[in-house]
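Per-entry structural report
Next come the chains, spelled out residue by residue.
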Amino acid sequence: MNKEKVMVGLSGGIDSSVTAYLLKQQGFQVEGVYLKLHNRSDGYHESNLNYIDGVAKFLGIKYHILDLSQKFKKEVYDYFVNSYIDGTTPNPCVKCNRQIKFGAMLDFAKENGASFLATGHYVKTDGKFFYVADDLSKDQSYFLSQVPKEAIPYMMFPLSNFKKEDIIKLGANLDVVYKKITEKNESQEICFVETIYTDIVKKHANIDIEGDVLDENGNIVGKHKGYAHYTIGKRKGFSVKGAQEPHFVTKLNPNNNTIVVGKKPSLEINEVIAQELNMYIDDKKFSCGVKLRYRSNTIPCKVKIEDDKAYISLKEPAFGVASGQLAVFYDGNKVIGSAFIKSTK
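Fair warning: this is a prediction, and the values are worked out from it, not measured in the lab.

**Some points on the overall build of the protein chain**
Assigned secondary structure in the protein chain consists of eight helices and 17 strands. Relative to its length of 345 residues, the protein chain is compact, with a C-alpha radius of gyration of 22 Å against a globular reference of 20 Å. With the C-alpha coordinates aligned to their principal axes, the bounding extent of the protein chain is approximately 70 × 45 × 35 Å. For the protein chain, the residues scored as buried account for 51% of the 345 residues in total. Contacts in the protein chain between residues far apart in sequence, at least 24 positions, make up 63% of those at least 6 positions apart.

Right under this line is the structure:
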């Protein structure tokens, strides 16, 4: 019996449930923790806790309920809302991983005598760096790249070498609870959004104010339903007089409630300036690959870090890059750092 205690972040889904199962099979002392982060009207927490209770009883482990709703509101929810009001595109899961899951939840695990915190994320670590998971379709290294390097030695990801189909098969070992957790839908990327993001923002600001659509020369060419309804690269939901080709949002102007649109070539960018750096290497100049969105391809680039900003020169053009999103730096399959996009050109 391995005497080390591992705290497992349990969400109620199959990934975290199988994580707890694997660690128990490996002889660790396993305890679970469920994070209560927000309030939803659709029985979200009740449903999750029902599944967790079944898994915990089957595995013979205890679990905790950790209420971090106040910290979550400040660090994640308010940031999410204010980003759209400010005309940028937020990445709440990245903030949550840094401040909540591998911040406050890790602190809780340590306070309760755990040597490690384990989650059902698909990502690898050697205790110093994150690496891309074997299942590229599920890889979450992008979303963990803002986690402080001091936290990495305490993290475990038992699913890192598995494919999703393997996890579903392993879930069969959970017997009576297997059918329930495999019938659940995949977790939403943004757990507190029940429908669409604008429903959240509308609770805090009037975003349904019609405004002008401008071309790249500042001429009024149409109307839109309110700038916060749009993100960079969006091509629907606004009018452009006489347009024969698709037009895309290239800029948002919250101060005067206008959006700028153009044809696809106008979305092309070759340079990015990013801030709020979280680096795992000390180099100030280096070549690497960069992802500018979670589902985007990795683009070769050169990076210069100066005055707490990353100046990124792309070797291939990127399209539809939004301020507020994350630029993640990769050396092959290794994550070497990340920063939030401030501006592009």
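From this point, the narrative continues.
**Re the UniProt feature "site: Interaction with tRNA" (unreviewed entry) in the protein chain**
Under the feature "site: Interaction with tRNA" (unreviewed entry), the UniProt entry names H121 and Q325. Considering the arrangement of structural elements, one finds H121 in the loop between β4 (116-118) and β5 (124-125). In contact with H121, other than residues within four places in its own chain, are N97, K101, F102, Q140, L144, F157 and L159. Separated by 2.6 Å, the side chains of H121 and T119 make a polar contact. Secondary-structure assignment places Q325 in the loop between β15 (309-319) and β16 (326-331).

**Looking at helix α3 (residues 69-85)**
Largest kink in α3: about 30°, centred on D78. Those residues of α3 lying buried are F72, V76, Y77, Y79, F80, V81, S83 and Y84. As for α3, its buried residues are in contact with α4 (92-111), α8 (197-201) and β17 (334-344). Remark: G87 follows α3 within two positions and exhibits a positive phi of approximately 85°.

**What about the environment of K225?**
Tracing the backbone shows K225 in the loop between β9 (220-224) and β10 (248-253). Of the residues examined, K225 reaches a relative accessible area of 43% and is grouped as partly exposed. Separated by 18 residues in the primary sequence, K225 and I207 place their C-alpha atoms 8.1 Å from one another. Excluding residues that lie within four positions of it along the chain, K225 makes contacts with I207, D208, I209, E210, Y230 and G237.

**Points about the state of the cysteines**
Counted according to the given criterion, the structure contains zero disulfides. No disulfide involves C93; its sulfur sits 7.0 Å from the nearest other cysteine sulfur, which is in C191. Relative accessible area serves as the criterion here: at 19%, C93 is assigned to the buried category. Cysteine C191 shares no disulfide, and the gap to the nearest cysteine sulfur, in C96, comes to 6.2 Å.

**Side note on the pairing of strand β14 (residues 299-306)**
On β14, burial follows the alternation: I299, C301, V303 and I305 on one face are buried, whereas P300, K302, K304 and E306 on the facing-out side are not. The pairing of strand β13 (residues 285-291) with β14 spans six bridges and is classified as antiparallel. Following the sheet pairing, G289 is matched in β14 by P300. The antiparallel hairpin formed by β14 and β15 contains two residues in its connecting segment, where D307 sits at a positive phi of about 55°.

**Considerations on the sheet that holds strand β11 (residues 258-262)**
If you trace the four strands from one edge of the open sheet to the other, you get β9-β8-β11-β10, paired in mixed fashion. Across the chains shown, the open sheet's two edge strands, defined by having one partner strand only, are β9 and β10. The mean angle between the axes of side-by-side strands here comes to 30°, regardless of whether they run parallel or antiparallel. Pairing between strand β8 (residues 211-214) and β11: two bridges, direction parallel. Residue pairing across strands places L214 opposite V260, the latter belonging to β11.

What counts as what
- Residues numbered from 1 in each chain as written.
- Predicted model: local features only at pLDDT ≥ 70, side-chain atom pairs only at ≥ 80, totals over all residues.
- Heavy atoms only, no water.
- Helix = DSSP H or I, 4+ residues; strand = E, 2+ residues; numbered from the N terminus.
- Rg over C-alpha atoms; globule rule 2.2 N^0.38 Å.
- Buried < 20%, exposed > 50% of the residue type's maximum accessible area, 1.4 Å probe, protein only.
- Contact = heavy atoms within 4.5 Å.
- UniProt positions renumbered as here; feature names shortened; annotations may be inferred.
- Polar contact = N/O pair within 3.5 Å; in protein donor to acceptor, adjacent residues only side chain to side chain.
- Bend = angle between axes of the 7 residues up to and from the residue.
- Disulfide = S-S within 2.5 Å.
- Pairing = 2+ DSSP bridges.
- Axes fitted to C-alpha atoms, helices over the stretch in contact; angles between N-to-C directions.

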